[in-house]
Structures are given as structure tokens and as C-alpha cells.
Amino acid sequence: MELAGEYVFDGPREDVWEMMRDPAVLATALPGTQSLDQVDENEYAGKMHVRVGPVAGVFSGRVLISDEVPPESYVLSVEGRGGPGFGKGSGRVQLIDRGDGKTLMKYEGELQIGGKLASVGQRLIESVSKSLLRQGLESLNQALQTRLAGEGEGVVEGREVEEEVEEIPYRPPSEAQFATAVVKDVAADIAAQVFSPENQAAWVAILVAVVAMAVGFWFGRKSAERR
Amino acid sequence: MTKKWVGQRLTRTEDPRLLTGQALFVDDVEIPGMLHAAFLRSDYAHARLQSIDVSAARERPGVVAVYTAEDMGDAWQHGPPLVIPPPTVEDVVFHTRTQVPLVKDKVRYLGEPLAMVLAESRYIAEDAVEDIFVDLEPLEAVVDLEAALEPGAPLVHDDLDSNLAAHLVQDKGDYAAAREKADLVIQRRIVIDRCVAGAMENRGIVASWDKKAQHLTIWDTTQAPIPVRNGLAGMFGLASNQVRVIAPFVGGGFGPKIMMFYAEEVLLTWATLKLGRPIKWIEDRRENFLATTQERGQVHDAEIAITRNGRILGVSHTFLHDTGAYDPYGLTIPLNTQSHAMSAYDVPNYHSDLKVVFTNKMITTPVRGAGRPQGIFLMERLLDVAAKELGMDRIEIRKRNFIPPEAFPYNHKIIDQAFAELVLDSGNYLATLEKAVDMIGYEEFIKEEQPRLRAEGRHVGIGIVSFIETTGVGPYEGARVTVETDGRVSVATGVGTQGQAHFTSFAQIVADQLGVSPRDVRMVTGDTAEFHWGTGTFASRGSVVAANAIHAAAKSVRAKILKLASKVLETPEEELELEDGVVRVADVPRQSISLGELAALANPLRGAVEPGTEPGLESTDYFGPQYGATANGAHAMILEVDPETMMVDIKRYVAVEDCGTMLNPLVVEGQVHGGIALGIGNSYYEQLVYDENGQLLNASLADYLIPTAWEIPRIEVGHEETRSPLNPIGSKGVGEAGTIPVPALFAQALEDALADYGVEVLEAPMSPNKLFELLQAAEHKT
Amino acid sequence: MSDLINVTVTVNGTQYARAVEPRLLLSDFLRHDLGLTGTHVGCEHGVCGACTVLFDGEPVRSCLMFAVQADGHKVLTVEGLGTMDNMHPLQEAFQEAHAVQCGFCTPGFLMSLLPFLEENPNPTEEEIREAISGNLCRCTGYQHIVDAVKLAAEKMRT
């Protein structure tokens with residue numbers, strides 16, 4: 001499966017780069033992450049709880065950073081295994097200074113999945129992985145805001161002085177909130193592919209309910225089974 | 001004999017039990033102290049097993065045992081090959097590699113079992129499966145048939161030097177010479193892909209070893225309880241009469257349930273013998289996609305040599321057959337493909353080069369059709385392409401090549417799946433086709449309706465194909481018929497039943513012979529304690545082989561009844577008749593004796609049984625045909641395609657079938673309907689999608705689309721009847737007939753509907769996506 | 001293992017009180033705890049419809065529900081529809097039309113059809129096919145089932 005996309009961070013490249021190398025931040029940005037420890041200069045090991053439709057479970061894995069060209073680009077390799085199956089992927093991440101104080105992040109890579117995840121989650125996998133990424137990046141962006149606010153005002157190259165910098169409290173999203181956000185994303189995705197623009201809003205609402213119910217049944221069943 | 005039951009549209013005796021939820025299926029079996037099994041299955045299609053740690057699983061409360069291959073010790077062995085390669089063909093290359101109960105060295109297909117957990121409930125067992133830590137080193141997988149044979153491809157079996165499982169060449173006449181004489185040679189590549197049987201009931205086993213009685217009882221969703229019993233007894237050192245295998249009501253078979261010595265069958269038997277407790281395993285739907293056998297994958301490079309008058313001079317094809325990771329079922333499926341590649345036609349020259357290939361996918365064994373659909377698809381497609389190139393009507397080209405009724409028995413001289421020469425016994429192919437032409441209104445449609453609809457811009461097409469089906473193969477089946485003292489009749493036979501109405505149609509045979517009502521015939525199938533000689537329900541043979549065994553046994557009992565009644569009523573046998581459960585003197589109704597009374601008299605409490613005779617009114621008889629009977633049929637359909645949504649709407653569907661003597665036409669129709677529904681699935685909605693790593697991407701009914709009532713049209717069934725000369729009843733099988741021609745029919749109809757695009761459909765299954773791509777490519781050309 | 005929860009469920013008119021795990025599926029509860037094995041499980045993911053039962057009169061997939069959700073509710077399974085000697089007209093119609101082959105999907109069809117026929121006493125072929133499009137059958141090709149529904153509708157009207 002190919003994954004590619006872009007995201008704009010509200011902050012300078014150097015800060016984004018630093019943040020992405022901070023395991024504490026990464027661990028909280030993606031809910032479900034139970035642990036993420038740096039085991040080597042460019043290697044992290046961790047556990048993450050993943051849910052894709054009816055398949056859920058804990059993955060143990062490794063994240064490797066290579067081909068670093070700070071603060072421009074690097075290659076991220078991920079490998080994880082668990083009850084729901086396994087995943088293996090790698091992608092190139094590029095950070096581009098937009099010149100307006102924001103950073104454009106471009107990512108392009110490939111993800112291989114197997115096991116239960118691959119055989120029962122097909123229709124949801126693409127949507128859900130894109131959504132997980134998007135949500136994770138948004139959380140990172142929020143973390144970035146907090147970090148920058150904490151640094152106070154100040155002129156940084158290429159950035160205009162901010163008059164009133166609001167304190168943005170960073171609260172990592174709970175699993176339930178995250179799940180809701182994913183559901184909305186997936187529903188919107190499906191709606192966009194299937195329905196005409198005029199109907200989309202109404203259909204998204206309906207689909208959200210349907211997908212949420214489906215996920216909810218499985219959510220309930222799986223979490224019950226885990227006890 | 002007055003009233004005749006065979007041939008009647010009798011409703012089924014077994015229905016009330018099924019309709020009111022009183023029928024026993026394997027999962028309904030509950031035994032006190034029963035344990036439940038769950039399996040850890042590989043997430044990789046090809047991987048080396050480095051280590052497996054079950055200690056955490058063993059600790060979980062409620063878990064009784066966890067076993068790996070190591071724990072099995074000497075009991076761990078490869079399954080026995082079920083079908084050997086044909087000894088009658090020269091130079092056959094065949095590498096036997098059969099399945100294992102639990103992985104020991106490496107995983108060869110997705111879902112191969114690594115460990116078995118036994119616990120107090122299935123819920124706990126599944127929890128414990130997650131506690132097992134397994135270290136699998138992934139290996140590169142082979143999934144594509146052609147790539148699997150390329151030098152340097154990853155090997156499924158490391159002890160072989162390639163993934164070639166078998167190589168077999170069959171020749172009839174001299175194709176190369178025929179080719180020289182042809183006016184036209186058409187070459188095409190034809191690809192057919194995998195599907196599942198998709199029975200509504202998944203597999204299941206309950207195995208119970210009674211230590212005190214030294215007796216093993218197994219309930220199994222198998223289609224072949226007798227070989228399973230004999231095999232398991234042999235495997236575990238038990239006498240065959242220490243083992244009883246019961247196939248109760250089974251929720252659909254369709255082929256994969258005849259595969260035997262599945263890992264689960266072996267493991268549950270081993271474990272119950274070890275623990276002395278009953279054990280149950282019920283497959284869930286995802287496991288069914290991974291752990292139950294599949295079929296259909298083949299790639300053909302084919303050609304047909306034909307004269308300008310449309311007369312076939314020869315057919316040749318080189319093909320690859322996907323056997324999956326192991327090949328326990330031998331060459332049965334591809335031999336069937338070869339046997340059907342010439343179909344109903346007089347093909348004087350034939351060449352077939354078959355290579356069977358190992359891949360990192362589930363094992364293939366017969367699924368309804370069992371290799372025949374592929375052969376028919378090949379021939380019908382080649383003929384259709386030829387017809388187009390010659391500018392000939394598709395009906396006409398078929399008529400010119402049919403084997404005429406006078407030519408039977410027609411010996412193709414190639415070897416079929418029964419290792420005998422392929423002999424077609426009887427049929428009138430022209431009559432069958434003409435009936436289909438008539439029923440669908442072919443002429444009128446082509447001349448009037450289709451042009452009119454096309455002028456409106458609609459894409460409507462008609463398809464019509466012919467086919468044969470080899471059925472009723474041996475080796476044999478048997479049956480025992482007994483008249484009870486209450487006047488009812490008990491019958492036992494070895495085949496199992498998965499919905500084919502055996503309890504009714506077989507009873508009709510007995511009713512005719514003994515003058516009783518079929519409702520008074522108690523039929524037992526699939527219980528080795530009741531009958532233990534036979535093979536099983538497969539290859540459309542129940543209504544031929546088992547039915548004729550029952551017929552023979554009923555006739556024997558009839559003879560005994562007449563002999564005894566003749567003494568008792570002091571009347572010659574010729575003057576006696578059997579009707580309404582009594583034996584009476586013709587025209588003198590007061591002089592009669594009921595069958596029940598006669599049965600009591602036949603079992604003396606005083607006196608003796610004469611030497612050379614037997615007590616009671618009972619007989620056991622067998623039937624084994626020399627070779628299989630050949631059924632035939634013709635299907636026609638009108639469909640409409642929307643070239644924007646790719647959705648297909650079947651407007652009409654006609655199926656003419658000839659299965660010789662019909663035991664029960666209502667049942668025959670049901671079989672044809674069901675077969676066609678599966679065939680429609682095989683043609684447009686169903687396909688197993690594997691990625692390049694051997695991951696099955698659609699292992700659920702949400703993504704693998706079994707047709708619903710919305711996709712299946714109303715089917716009009718027509719009958720032709722050419723009795724088979726090979727058995728007293730004159731019957732031929734019909735269980736798979738519905739499925740066999742559908743992909744060929746679908747392809748033809750689609751092409752016809754999209755004639756303005758000029759597409760060629762040489763692949764099965766098709767799908768909306770594939771059709772879209774074909775149309776895109778076609779539009780680019782114009 | 002979690003604590004058991006006490007539930008009281010009325011099934012086919014009989015009240016049952018049991019202590020169950022919260023994660024126990026309704027289908028397993030009916031089949032194994034209550035011994036009502038007429039309801040069958042074909043997929044456990046809500047697609048095939050073999051597990052359909054009536055829950056307060058509405059058809060539901062019992063494989064997608066928990067037994068605890070049925071606490072205080074009424075369930076009707078195929079065993080409550082009729083007996084072998086006294087079948088419901090719908091069951092009779094299925095036999096007369098040869099709508100049963102292996103019988104595994106049959107209870108699910110029957111329970112889905114009961115409320116449908118009550119609301120649609122005179123359905124067309126198209127309406128019937130749509131009503132049963134949520135139940136899979138691999139044996140019959142659906143035709144005889146459709147015929148059975150028409151026949152049942154007729155029987156139930158008189």
C-alpha cells in the first residue's frame with residue numbers, strides 16, 4: 001500500500017525537526033502508544049495499541065531513522081508485529097521551509113501489512129492509516145504550538161512577530177476522541193469517493209453514525225475480550 | 001408395483017427437522033467435560049519458524065493444554081496422499097508433498113497452524129492464542145504461477161529444486177499434423193482465478209475418546225466419513241471398529257469438506273486420545289478462508305485448429321495449475337480440466353501439457369466443478385473466438401462439431417481423474433442445445449429484440465453454451481436395506497449428506513421396490529457405525545453410485561420378501577404384488593400379509609435358519625461402475641451491462657440439463673439453481689485476492705462477495721433425458737452441473753452486450769473493475 | 001476473567017435467569033447456555049444472516065450482540081416458530097416449495113421473513129428478493145425460497 005501526502009506545520013523547520021526526534025512528544029501524539037523508548041541514536045522501540053475496524057491489538061515494533069539530512073529530510077522505517085498481524089514500511093520525509101514561518105512536510109512511502117489486519121480491514125486500512133497519520137500530525141502541530149509559545153515571543157528568521165501569543169495547552173487526545181476523529185475522517189473519505197458534493201454533508205453524517213456503530217460494536221467486543 | 005415414486009416431485013422428508021431447528025449439526029454436539037480448541041495460525045505466507053513460546057498461554061486460567069509440533073513427538077507426520085498420480089500415463093513427474101498438522105520448520109501458506117490451545121471455552125482458548133509468542137522469520141513468497149517456475153524463485157519445498165509439483169502430457173491423435181491442415185489457428189491466453197466453496201456452515205469437529213469403552217467417536221463436517229474413520233484409526237493404532245465417524249446434518253459441502261486429514265482432524269483425535277476428554281473445534285469464517293481448501297487457479301496458453309467450415313481439427317493447450325503449498329489431492333482437478341477441454345465436441349486431435357505448481361497459498365482441492373469449469377471455459381471461448389473470425393453463428397459452429405448420438409460410447413483415449421480412459425457414455429448434445437435455443441428465444445432476440453434495444457443505446461447481450469460433465473465415478477458405494485417388524489424400512493449407506501435430499505430421493509427408490517411410502521423409509525447416511533464400506537459424496541456421484549447400490553439392495557430384499565411370502569401365502573411369486581406395505585395375492589386383497597409381520601416371521605425364535613440363507617428381510621449390496629456416466633447441458637442467458645457503472649443485470653437465464661433418469665425433479669432443479677448461483681459468483685462477484693506476499697486481502701464475507709437474492713436471477717430449467725447405459729436406474733449426476741458452464745456463458749454474453757467495444761473476455765472471474773479496464777483499453781484502440 | 005452479570009431473558013415465551021460473562025455473544029448464549037441450537041452461526045461478522053433472531057419483534061444479528069444486552073428483553077428463535085408436528089405456515093411453505101437444502105441458513109431466513117410478511121402480506125418478487133438480500137444461501141440459488149415466501153404469504157392471508 002502506498003502512502004503519500006503533505007502537511008503544513010505552524011512553525012519553523014528546525015523546531016519541527018527537533019520535535020520529530022523527541023520520543024516523549026511522539027509517544028503522546030499518537031494515542032494508543034504505550035511506550036516509545038530510544039534504544040540507539042537512530043532507533044526507537046515501542047508498543048502501540050492499534051484498532052482498524054474490527055481488528056485491534058498491541059503491536060511491538062521498532063522505528064529506525066536513516067539517511068538524515070537535517071533539517072531537510074530523512075527516511076523513516078517502521079516494523080511492528082502483534083496479535084492483529086504485522087506491518088512493515090518505510091518512507092521518505094521532507095521538511096520544506098515555506099518562508100512564511102510555516103513548514104511544509106512531504107511524506108512518501110510504502111506500507112506492507114499482513115495477518116488479520118490485512119484480511120479483514122482492507123476497506124478501512126487505507127482510510128484509517130491516512131487518518132491516523134493526519135491526526136498524529138495534527139497532534140504534533142499542537143505540540144509544536146505549545147513548545148513555541150513556551151519559548152515566548154521573539155523574532156525568528158523569516159517569521160513575523162506575533163502580538164498576542166495565546167497559551168495553547170497541549171492535551172493529548174484520548175482514545176475515544178481519537179476514535180471519533182478517525183471515524184469522521186473515514187466517513188468523510190468514503191463519502192468523498194462515493195457521493196456527489198451536494199449530498200456529501202448529509203451522507204457524512206449518516207456514514208459517521210454507521211461507521212461509528214460498526215466500530216463501536218467491535219470496539220466493545222474487542223475491549224471486552226481483552227479483559 | 002403400482003405407484004411409482006422415482007421421478008416424482010416429492011417434498012423432502014428431512015425438512016420439518018431442519019425447519020424447526022431440531023437438526024443436529026456438529027456445533028450442536030455438547031458433551032459434559034468438553035474442551036474447546038483454538039489455533040495459532042501464521043500471519044505470514046512463507047516464513048521460517050525460529051521459536052515458539054507457549055508458556056504464557058499455558059499459565060492462563062482455564063487453559064488445559066497448549067501443543068506445538070514438538071509436543072506431538074512421533075505422532076507428528078505428513079498427511080497421506082489421497083490420490084496418487086495416474087499409473088496409466090507414461091512419464092508423469094509427480095512430487096508428493098502433503099500437509100502437516102502443526103508447523104515444524106517453515107510456514108508455507110498464510111494461516112498454517114503453529115499451535116493448538118485447549119481450554120474450558122472457546123473464548124478463553126482464543127485469549128490464550130494471543131499469549132503465544134512466535135518468532136517467524138519472513139521469507140519471500142511465491143504467489144504468481146509463472147513467477148513460481150522462474151529460475152531463482154523462492155522454493156515452497158526446499159528439498160525440491162523448483163516449484164514444479166507435477167508434469168503430465170496427454171495426447172490424442174497428432175495435433176501438430178492437424179495444425180498444418182487448418183485454415184485457421186486461433187491462439188489465446190486464458191486465466192482463471194481462485195474462489196472458495198463458501199458453505200454457510202464452516203468446518204467443525206468433535207472428537208471424544210471414551211477410555212473405559214476404548215472407543216473413539218468423532219462428529220465431523222466431512223463429506224467422507226468412511227475414509228476419515230479408516231485413516232484416523234490407522235494413524236493412531238486403533239482397530240477400525242473402535243472408531244465411529246458421524247457426519248450429521250452438514251451445512252453445505254461443495255468439495256473442500258472431502259479433503260481429509262486436515263490438521264484439525266488429526267490434532268483433535270490425537271489430543272482426545274492423550275487427554276481422555278472430548279474436544280470440540282468449530283472453524284470461524286476467517287479461518288474458513290485461510291484453513292479450508294480452495295480451487296480454480298489456472299493459466300492456459302491455448303490454441304484451436306479449425307477449418308473454414310468451422311470444423312475443429314484439434315485443440316492444444318499448455319497450462320499451469322495452482323496446487324497451493326501442498327498437493328495431497330494429486331492431479332484430480334487438472335485431469336478433469338483435460339477431460340472437459342474437448343467438451344461435447346468431436347475433437348480428433350488433442351494435446352495437453354500440464355504443469356502443476358506449488359505456491360505459498362492454501363492447498364487446492366475440488367470445489368463444485370472441480371476443474372471442469374476451466375476446461376469448458378477454454379473450449380467455449382476458443383469456439384466463440386473462432387466463430388467470430390469465421391463470421392459464423394455461435395450456435396452453428398457448435399452444431400457442426402457435436403459428438404452425434406450414434407457415436408456413443410465415445411472414447412477420447414486420454415486419461416481421466418478415475419485413471420481410466422475418458423469414455424463419454426451417452427447423450428444427445430444437439431437436442432439439449434436446441435432446447436436451450438428455443439427456451440431463450442434465441443432467433444427472435446438476435447433478429448428483433450437486440451437490434452431494437454441497441455438502437456436505444458442499451459448494452460444487451462445473449463450467451464449460449466454447451467457442456468458435458470463427467471459424473472458417477474467409482475470405485476463403489478454400498479447400502480443395506482432392512483424391513484423392520486413395524487413394517488417400516490431402514491436403509492443405511494456410507495455417503496454423507498450436505499443438503500442433496502438423500503433422505504428423500506433414495507427413499508423413493510426403496511419405496512418403488514418394496515411398495516411402501518417413502519415417508520416410511522428411514523434413511524441413515526454418513527455414520528460409519530451404520531455402514532462402513534464406501535468412499536463419499538463428491539464428483540456428482542450420489543445419485544448414480546449410492547442410488548444404484550440402494551436400488552440393488554432394495555431389489556434383493558424384494559426378492560426375499562417374495563420368496564418368503566410365497567411360502568406363507570402358498571401362492572406362486574408371480575401372482576404376488578407389493579403395495580401399501582403389504583404383500584398380497586393379485587386380485588385377492590384378503591390374502592395378504594404385512595411387511596412387518598413377514599419380517600418377524602423371517603427372524604425365527606424357534607427352528608433354524610436354513611444354510612445358505614439369512615435371517616430377516618435384509619440385504620447389503622454394492623455398486624461400482626466401470627467408468628463414469630456423462631451428463632450434459634446447455635445454458636443461455638440474456639444480460640444487460642451498464643458501461644458506466646459496470647453493473648450487470650441478468651434479464652433471463654435458461655438451463656437445460658440432461659442427467660439421465662431423474663430420481664426427484666424438484667431436487668434436480670434445486671441443485672441446478674444452487675450450482676448456477678455459485679457459478680454466477682465464480683463469474684462476476686467472487687475472487688480470492690492475494691497480494692504479492694501471499695496475504696489474503698478479502699478473508700471475510702464483507703469483502704468476498706457471495707451473491708445474494710438480488711444478484712441471482714430466476715432460472716428456467718428445461719430437461720432432456722438420455723438414460724445412462726452404465727447403471728440400472730439410468731441416472732447421471734447433477735450436483736455440479738449448474739456451476740460448470742457459467743463462466744463461459746458469462747464471458748460470451750458480456751462480449752455480446754459490449755459488441756460495440758469489441759472486447760474479448762478471456763478471464764474468470766470478471767469483476768466491475770476488470771470490465772472497466774477492458775473497456776478503457778478497447779476505447780483507446782478506437 | 002471478569003465478574004459474571006445476572007441476566008433475565010425471555011426466549012420463546014420462557015424466562016431464563018443466568019449469570020454470564022459480559023462478552024458472551026447472544027448467539028452463543030442461545031445455542032450453548034440455553035441449548036437452543038436452531039439459530040446458526042455462519043460468519044460472526046454480521047453478513048450472512050444465519051444467526052438472525054427476533055429481539056422484541058425486530059430481526060437482529062445475534063452474533064453481533066451480547067447476551068447482557070438481552071437482559072429484560074424478549075427473544076424469538078426458530079424453535080418458537082413451530083414444532084415438527086405443528087409447523088408455522090412459513091415453515092410449511094418452505095417444505096412445499098423445496099426451499100431447504102442443507103438447512104443451515106434456513107432459521108435465519110425464517111426469522112427475517114416473519115416480520116417482513118407481517119408488514120407485507122402481499123409482496124412482489126422484487127420486494128421479496130430485497131427483503132432476503134441480507135441472508136446468504138449457498139445451496140438453493142434463492143428461487144425456491146422466493147417461491148416459498150409467495151406461498152407463505154398466500155397461506156397467511158387465508
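These numbers come from a predicted model, not from an experiment.

Draft legend 1. Up close: the overall build of chain A. Helix and strand content of chain A: 6 helices and 7 strands. The order of α-helices and β-strands along chain A, N terminus first, is β-α-α-β-β-β-β-β-β-α-α-α-α. Considering only residue pairs separated by 6 or more positions, chain A has 53% of its internal contacts joining residues 24 or more positions apart.

Draft legend 2. Inspection of the overall build of chain B at higher detail. Within chain B, the regular secondary structure consists of 20 helices and 30 strands. A compact globule built from 782 residues would reach a C-alpha radius of gyration of about 28 Å, and chain B, at 28 Å, matches this within 12%. A principal-axis box enclosing the C-alpha atoms of chain B has dimensions of 90 × 75 × 50 Å. Across the 782 residues of chain B, 59% fall into the buried class. Counting only contacts in chain B whose residues sit at least 6 apart along the sequence, the fraction spanning at least 24 positions is 80%.

Draft legend 3. Expanded view of the pairing of strand β11 (residues 215-220) of chain B. All names here are of chain B. Counting buried positions along β11 gives 5 out of 6 residues, so the element sits mostly inside the fold. Sheet topology places strand β10 (residues 204-210) next to β11; 6 bridges connect them, and they run antiparallel. Bridged to Ile205 within β11 is Asp220. Counting the residues that bridge the hairpin from β10 to β11 gives 4 residues, and of these Gln214 lies at a positive phi of roughly 55°. One ladder, built from 4 bridges, connects β11 with strand β12 (residues 243-246); its direction is parallel. Its bridge partner being in β12, Thr217 is matched across the sheet by Arg244. Each parallel crossover has a hand, and for β11 linked through helix α7 (residues 225-235) to β12 it is right-handed.

Draft legend 4. A look at the interface of chain B and chain C. The interface is formed by 45 residues belonging to chain B together with 46 residues belonging to chain C. Class assignment of the residues belonging to the side of chain B that touches chain C gives a composition of 22 nonpolar, 14 polar and 9 charged.

Draft legend 5. Inspection of helix α10 (residues 332-340) of chain B at higher detail. For α10(B), a buried count of 9 out of 9 residues is recorded, marking the element as mostly surrounded by other parts of the structure. For α10(B), the complete set of buried residues consists of Thr332(B), Ile333(B), Pro334(B), Leu335(B), Asn336(B), Thr337(B), Gln338(B), Ser339(B) and His340(B).

Draft legend 6. Structural detail: the sheet that holds β10(B). Residues and elements named next belong to chain B. Pairing in this open sheet of 7 strands is mixed, and the strands run β3-β6-β1-β13-β10-β11-β12 from one edge to the other. Each having just a single partner strand, β3 (63-67) and β12 make up the two edges of the open sheet. Geometrically, the sheet is characterised by an average inter-axis angle of 20° between neighbouring strands, direction not taken into account. Where β3 and strand β6 (residues 113-119) come together, 4 bridges link them in antiparallel fashion.

Draft legend 7. Representation of the packing of α10(B) against helix α11 (residues 372-390) of chain B in the model. Residues and elements named next belong to chain B. At a minimum axis distance of 7 Å, the contact between α10 and α11 shows a crossing angle of 30°. Considering the relative orientation of α10 and α11, their crossing is right-handed. Residues Asn336, Thr337, Gln338, Ser339 and His340 of α10 pack against Arg372, Gln374, Gly375 and Ile376 of α11.

Draft legend 8. Just the nonpolar core, in detail. With 318 residues, the main nonpolar core has Ala37(B), Val117(B), Val491(B), Val510(B) and Ile550(B) as its most contacted residues. When residues of this core are assigned to their parent elements, the largest contribution, 12 residues, is made by helix α16 (residues 542-568) of chain B. Val510(B) has contacts with Val481(B), Val489(B), Val491(B), Val521(B), Ile550(B) and Ala554(B), leaving out every residue within four places of it along the chain. Judged by nonpolar contacts, the second largest core, of 16 residues, contains Phe9(A), Ala29(A), Leu140(A) and Leu148(A).

Draft legend 9. Region of the structure containing the pairing of strand β9 (residues 184-192) of chain B. All names here are of chain B. Inspection of the sheet shows β9 paired to strand β14 (residues 298-306) by 9 bridges, in the antiparallel sense. Across the sheet, the residue bridging to Arg188 is Ala302, located in β14. Of the strand pairs in this sheet, β9 and strand β30 (residues 763-764) are connected by 2 bridges, and their pairing is parallel. Looking across to β30, one finds that Val191 is bridged to Glu763.

Draft legend 10. Seen up close, the domain arrangement of chain B. Residue and element names in this part refer to chain B. According to the domain assignment, chain B contains domain 1 (15-22 + 474-623), domain 2 (31-139 + 201-251 + 256-291) and domain 3 (298-473 + 626-781). Opposite the 18 residues of domain 1 that make contact, domain 3 presents 20 residues. Among the elements that line the side of domain 1 that touches domain 3, the one with the most residues is α16, at 6 residues. Residues belonging to the side of domain 1 that touches domain 3 are distributed by class as follows: 8 nonpolar, 9 polar and 1 charged.

Draft legend 11. Fine view of unusual backbone geometry. For the bond from Pro70(A) to Pro71(A), the omega torsion is -10°, close enough to zero to count as cis. Here the bond from Gly474(B) into Pro475(B) is cis, since omega is 0°, no more than 30 degrees from zero. Examined against the element boundaries, Pro475(B) turns out to sit in the loop between β19 (459-471) and β20 (477-483). Here the phi dihedral of Arg296(B) falls at roughly 110°; this positive angle occurs in a residue that is not glycine. Inspection of the secondary structure puts Arg296(B) in the loop between α9 (285-291) and β14. Note on Arg296(B): 27 C-beta atoms within 10 Å, which makes it buried. Positive phi is not limited to glycine here, since Ala501(B) has a value of about 70°.

Draft legend 12. Structural detail: the sheet that holds strand β7 (residues 103-114) of chain A. All names here are of chain A. Within the open sheet, the 7 strands sit side by side as β1-β7-β6-β5-β4-β3-β2. Their pairing is antiparallel. At either end of the open sheet lies a strand with only one pairing partner, and these are β1 (2-9) and β2 (33-40). Neighbour-to-neighbour, the strand axes of the sheet open up by a mean angle of 25°, direction not taken into account. Of the strand pairs in this sheet, strand β4 (residues 55-69) and strand β5 (residues 73-82) are connected by 9 bridges, and their pairing is antiparallel.

Draft legend 13. View of helix α2 (residues 89-96) of chain C. The set of residues buried in α2(C) consists of Leu90(C), Gln91(C), Glu92(C), Ala93(C) and Phe94(C). In this fold, the buried residues of α2(C) make contact with α1 (15-19) of chain B together with α3 (106-119) and α5 (143-157) of chain C.

Draft legend 14. Geometry of the confidence of the model for chain B. Mean pLDDT over chain B stands at 95; residues scoring 70 or higher make up 99%. Confidence estimates for the predicted assembly give a pTM of 0.91 and an ipTM of 0.98.

Draft legend 15. Region of the structure containing the packing of helix α18 (residues 665-685) of chain B against helix α19 (residues 742-753) of chain B. All names here are of chain B. Between α18 and α19, the least distance of the axes is 8 Å, while the angle of their chain directions is 55°. Between α18 and α19, the crossing angle belongs to the class labelled oblique. As α18 runs across α19, the sense of the crossing is right-handed. Contacts between α18 and α19 involve Ile676, Gly679, Ile680, Asn682, Ser683 and Tyr684 on the former and, on the latter, Val742, Pro743 and Phe746. A per-class count over the contact of α18 with α19 returns 6 nonpolar, 3 polar and no charged.

Draft legend 16. Representation of the environment of Gly461(B) in the model. All names here are of chain B. Counting through the fold element by element, Gly461 comes out in strand β19. Taking C-alpha positions, Gly461 is 8.3 Å from Ala755, a pair spaced 294 residues apart along the chain. Setting aside its immediate chain neighbours within four residues, Gly461 contacts Leu639, Ala749, Leu750, Asp752 and Ala753.

Rules behind the numbers
Residues numbered from 1 in each chain as written. Chains lettered and ligands numbered in written order. Predicted model: local features only at pLDDT ≥ 70, side-chain atom pairs only at ≥ 80, totals over all residues. Helix = DSSP H or I, 4+ residues; strand = E, 2+ residues; numbered from the N terminus. Contact = placed C-beta atoms within 7 Å. Rg over C-alpha atoms; globule rule 2.2 N^0.38 Å. Buried ≥ 20, exposed ≤ 12 C-beta atoms within 10 Å, placed from the backbone. Pairing = 2+ DSSP bridges. Right-handed = clockwise from strand over helix to strand, strands pointing away. Nonpolar A, V, L, I, M, F, W, Y, C, P; charged D, E, K, R; others polar. Axes fitted to C-alpha atoms, helices over the stretch in contact; angles between N-to-C directions. Left-handed = near helix turned anticlockwise from the far one by under 90°. Core = buried A, V, L, I, M, F, W, Y, C linked by C-beta atoms within 7 Å. Domains from an automatic or database assignment. pLDDT = per-residue confidence, 0-100. Parallel < 35°, antiparallel > 145°, perpendicular 65-115°, else oblique.

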